[in-house]
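Survey of secondary and tertiary structure
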Amino acid sequence: NENNIINQRNSRVLIVDECHELDTVMSDFISMKITPNVIDRLHLNSAELLKKKLVGVETKDEFMTYLDEVLKDLLHTKDSIENDMLSEPNKPFVTRRNNRLSNLNGTQNKDLNKLSILTDIEQLISKIDLFKGEYKNDKDNWVIERNKNEKNGNIEISMEPIWAYNYLNKYVWSKYDKVILI
């Protein structure tokens, strides 16, 4: 019943709490960061080569070229995992048994692990596509940041917008009739 009332009102209102963080949150949403940990977590086919190449990335153009390589490997790894899962069809009994055994010994079923990796890969592919489009539209609004992780010594590279207000308008403000900032 509540959904009917909302649909009838056709109201487009956004209430934002902690709005002083909105610019930072939008910058994080639209930024692209690649680290050796990200590459390892996704079990990419060319992980070691990509981690070596990451160290040499210093300019925006080099970052975009590197991102194309990452995207290519993401797509290849995604296809490999999907093909591997399809080539080993499980019977319902085997799947239930494996899930029970996984729960007993505190491990994760390998198919569930693969599904989790696939989900992460698909999310990163979407993020890269969004990022590349935004970068292409305004190349001058981006800076590259190279940092060394103090805990593990790895190089972490990100591209971040100088100004996030364009993206706030595109992805937030334009979607609502009223915005209330708290």
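That block above? That's the structure.
Residues numbered from 1 in each chain as written. Predicted model: local features only at pLDDT ≥ 70, side-chain atom pairs only at ≥ 80, totals over all residues. Heavy atoms only, no water.

**A closer look at the overall build of the protein chain**
Counted only if it meets this: Helix and strand assignments follow DSSP, with helices taken as H or I runs no shorter than four residues and strands as E runs no shorter than two, numbered in order from the N terminus. Working definition: with a 1.4 Å probe on protein chains only, accessible area under 20% of the residue-type maximum means buried, over 50% means exposed, and in between means partly exposed. Any two residues whose heavy atoms approach within 4.5 Å are treated as being in contact. The method behind every accessible area is Shrake-Rupley, applied with a 1.4 Å probe, and residues are considered shielded solely by the protein chains displayed.
Across its full length, the protein chain carries eight helices and five strands. Along the protein chain, from the amino end to the carboxyl end, the secondary structure elements read α-β-α-β-α-α-α-α-α-β-β-α-β. Residue burial in the protein chain is summarised as follows: out of 182 residues, 31% are buried. Relative to all contacts within the protein chain whose residues are 6 or more apart in sequence, the contacts with residues 24 or more apart total 72%. On the protein chain, roughly 12200 Å² of surface is accessible, and the fraction owed to carbon and sulfur atoms is 51%.

**A word on the packing of aromatic side chains**
Pairs of aromatic rings are described using the distance from one ring centre to the other and the angle between the two planes. Threshold: Only the six-membered ring of Trp is used, alongside the rings of Phe and Tyr, when aromatic pairs are assigned; centres must lie within 6.5 Å, and planes under 30 degrees apart are stacked while those over 60 apart are edge-to-face, with the rest tilted.
Scanning the entire structure with this criterion turns up seven aromatic pairs. By the ring-pair criterion, three or more aromatic residues cluster together here, those being Phe63, Phe131, Tyr135, Trp142 and Tyr167.

**Here we look at the nonpolar core**
Heads up, the rule is: Working definition of a nonpolar core: buried Ala, Val, Leu, Ile, Met, Phe, Trp, Tyr and Cys residues. They are joined through side-chain atoms within 4.5 Å.
Residues Met32, Ile34, Phe63, Tyr66, Leu74, Ile128 and Phe131 are the most contacted members of the largest nonpolar core, which totals 39 residues. Aside from chain neighbours lying at most four places away, what touches Ile128 is Met32, Leu67, Val70, Leu71 and Leu74.

**Some remarks on the sheet that holds strand β3 (residues 142–148)**
Convention followed: Pairing between strands is defined by DSSP: at least two bridges between them are needed. What counts as an axis is a line fitted to C-alpha atoms, over the stretch in contact for a helix, and the angles between N-to-C directions run from 0 to 180 degrees.
Across the sheet, which stays open at both edges, the three strands sit in the order β2-β4-β3 with antiparallel pairing between neighbours. Both outer strands of the open sheet, β2 (32–34) and β3, are each paired with one neighbouring strand and no more. Looking at each pair of strands side by side, their axes are set apart by 15° on average, direction ignored. Summarising the sheet, β3 and strand β4 (residues 155–161) pair through seven bridges and their orientation is antiparallel. Note on β4: the bridge partner recorded for Val143 is Glu160. Packing against the sheet, helix α5 (residues 60–87) makes contact with β2, β3 and β4, and its axis sits at approximately 75° to β2.

**Re the packing of α5 against helix α7 (residues 110–137)**
Here is the rule: Geometric relationships in this document are graded by angle, where less than 35 degrees denotes roughly parallel, more than 145 denotes roughly antiparallel, 65 to 115 denotes roughly perpendicular, and other angles denote oblique. Take the far helix as your reference; a near helix turned counterclockwise from it by less than a right angle gives a left-handed crossing, and one turned clockwise gives a right-handed crossing. Throughout, the ten residues Ala, Val, Leu, Ile, Met, Phe, Trp, Tyr, Cys and Pro are labelled nonpolar, Asp, Glu, Lys and Arg are labelled charged, and all others, Gly among them, are labelled polar.
Where α5 contacts α7, the axes come no closer than 10 Å and their chain directions differ by 150°. In terms of orientation, α5 and α7 fall into the roughly antiparallel class. Judged by the twist between their axes, the crossing of α5 over α7 is left-handed. Across the contact of α5 with α7, the residue classes break down as 18 nonpolar, one polar and eleven charged.

**Considering the packing of helix α4 (residues 47–55) against α5**
Where α4 meets α5, the closest approach of the two axes is 11 Å, and the angle between their N-to-C directions is 170°. It follows from the interaxial angle that α4 and α5 lie roughly antiparallel. On the side of α4, the interface is formed by Ala47, Leu50, Lys51, Lys53 and Leu54, while α5 contributes Tyr66, Glu69, Val70 and Asp73. Counted by class, the contact of α4 with α5 contains five nonpolar, no polar and four charged residues.

By themselves, these figures tell us nothing about what the structure is for.
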